[in-house]
Amino acid sequence: MRRFLLAVMMAGMAASARAADMPDFLRGSLPGGPAPTVNWQGFYIGGQGGLGESDMNFTGATQSVAAKLLANTAIEGSGQVSSWPVGSKVSVRGSGWGGFAGYNSQWDDVVIGVELSYMHGKFGGTQTDSMGRIFTDGLGYTDSVTYQNTATMSVSDMGTLRARAGYAVGSFLPYVFGGVALGQADIVRTAHIFGTQVNAGAAPGFQNIPFDLSATEGQYSHLVYGYSGGLGVDMMLTAGLFLRAEWEYVRFTSSIDTSINTVRVGLGYKF
C-alpha cells in the first residue's frame, strides 16, 4: 500500500511540473493586459448620409418687406403694421447625403484633428400666417387691415470646418467637435396687406377706400453662415476602414433664424 501511495504522489508531481511548462493558451487562459490602441494618425476620407430637423423662427421675417410697402402711409404711421408679430416657429424634417475629410494627430490615446464635413439635401420649410386689426389713423379713417405673410427658408447645401478632440478606447474613438458653418439657401419673403379705409366725413367717393398691396423679396443661392457643434464616435472595422455615427447642430444667422440638427452615419477610410 505504501508503494502504491508513493507512486501516485510521484506521478502527481510529474504532472504538475509538465503543466507548469505548458503555454497559457493550452492551460485555458491568456495573459492579461489592456487592449491595443488603434492608430488614428493620418489623413482620412469618407461618405455619409443622415436625417435632420430644421427649426426656423418666421416671426417678423417679412417686416422689412412690409415696411417698404407701406412707407409714408397713414396706415403704417398710425398702426405700425410692419412690426406686427406675424409668423411663428416651425420645425420640419429633412434628409441629405455628403462626405467628410480630415487629418488626425495622435498622442497615446488622445486624438486631435481638423475636418471638413459637407451635406447636400433638403432642409428648411415654409410658413404662411396672418393678423388683422382695426384702428383709426392720423387722417381720420377707420382702417381695417389684414397683414398676411409667407416666408420660405430652403437650405440645399451646408458645410462645416471643425476642430475635433477624441480619446481612443480600443477600436472606438468617441469625439466632440466645434467650428464654423456655411450654407447655400433660397430665402423668399412675401408681404400681403389688404383691407379698407372708411371715413364718413370724407368727400363722396373717398369715404370707403379698399386697398390691396403685396411685395416679394427673394434671395436665391444665398450664402448663409453660422457655427456648428456636436459629438460622435468612429469605430475601426479593419485596417483603415471605419464606421461613423454622429450628431451635429448647425445655427445659421440670416433674415430667418434657422438651426438644423442632423443625425448621421458614415463609412470612412484612414490612409
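Treat the numbers as computed from the prediction; the structure is a model and nothing was measured. Chains are numbered independently. Their residues run from 1 in the order of the written sequence. For this predicted model, a pLDDT threshold of at least 70 governs which residues receive local features, and a threshold of 80 or more governs which side-chain atom pairs are given and counted, while totals over whole chains, interfaces and linings are taken from all residues. The basis for every side-chain value is the complete set of heavy atoms in the structure, and neither hydrogens nor water enter the calculation.

What follows covers the packing of aromatic side chains. Side-chain rings of Phe, Tyr and Trp, where Trp is taken by its six-membered ring, are said to pair if the distance between their centres is within 6.5 Å; with planes under 30 degrees apart they count as stacked, over 60 as edge-to-face, and otherwise as tilted. This structure, assessed with the given rule, holds 9 aromatic pairs. With centroids separated by 6.3 Å and ring planes inclined at 50°, the aromatic side chains of Tyr44 and Phe100 adopt a geometry described as tilted. Of the two residues, Tyr44 is situated in strand β1 (residues 42-57) and Phe100 in strand β2 (residues 89-107); the sequence distance between them amounts to 56 residues. With a centroid separation of 6.3 Å and 45° between ring planes, the pair formed by Phe100 and Phe242 is classed as tilted. Every helix listed is a DSSP run of H or I at least four residues long, and every strand listed is a run of E at least two residues long, numbered separately from the N terminus.

Here 8 strands make up a closed barrel; going around it, the order is β1-β2-β3-β4-β5-β6-β7-β8 and the pairing antiparallel. Each neighbouring strand pair of the sheet contributes to a mean axis angle of 15°, computed without reference to strand direction. Paired strands, in this sense, are two strands between which DSSP finds at least two bridges. Axes, fitted as lines to C-alpha atoms, cover a helix only where it is in contact. Angles between the N-to-C directions of the axes lie from 0 to 180 degrees.

Averaged over the protein, the pLDDT score is 89; the fraction of residues at 70 or greater is 87%. Confidence drops under pLDDT 50 across residues 1-20; counting only partners more than four residues distant or on other chains, this segment forms 2 contacts. Per-residue confidence from the prediction method is given by pLDDT, with values spanning 0 to 100. Throughout, a contact is declared for two residues whenever any of their heavy atoms are within 4.5 Å. Here residues 22-30 is modelled with pLDDT under 50, and outside its nearest four sequence neighbours on either side it reaches 7 contacts, counting other chains as well.

Attention now moves to the side chain of Ser82. Structurally, the position occupied by Ser82 is in the loop between α3 (74-79) and β2. Three labels apply to residues, based on accessible area from a 1.4 Å probe with only protein chains included: buried if under 20% of the type maximum, exposed if over 50%, partly exposed otherwise in between. Residue Ser82 is classed as buried on the basis of its relative accessible area, which comes to 6%. Residues contacting Ser82, with those up to four places away along its chain left out, are Gln63, Ala66, Ala67, Glu76 and Tyr147.

Any carboxyl oxygen of Asp or Glu that lies within 4 Å of a side-chain nitrogen of Lys or Arg is treated as forming a salt bridge with it. Evaluated as defined, the whole model comprises 14 salt bridges. Glu246 is the salt-bridge partner of Arg162, the closest N and O atoms lying 2.7 Å from each other. Linking Arg162 in strand β4 (residues 142-167) with Glu246 in strand β7 (residues 241-253), this pair joins segments that are 84 residues apart in sequence. Overall, the relative accessible area of 1% leaves Arg162 in the buried class. Note on Glu246: relative accessible area 4%, which makes it buried. With its nearest N and O atoms 3.9 Å apart, the salt bridge here joins Glu246 to Arg264. With Glu246 in strand β7 and Arg264 in strand β8 (residues 257-270), the pair connects residues that are 18 residues apart, well separated along the chain. Through salt bridges with shared partners, one network takes in Glu115, Arg162, Arg164, Asp234, Arg244, Glu246, Glu248 and Arg264.

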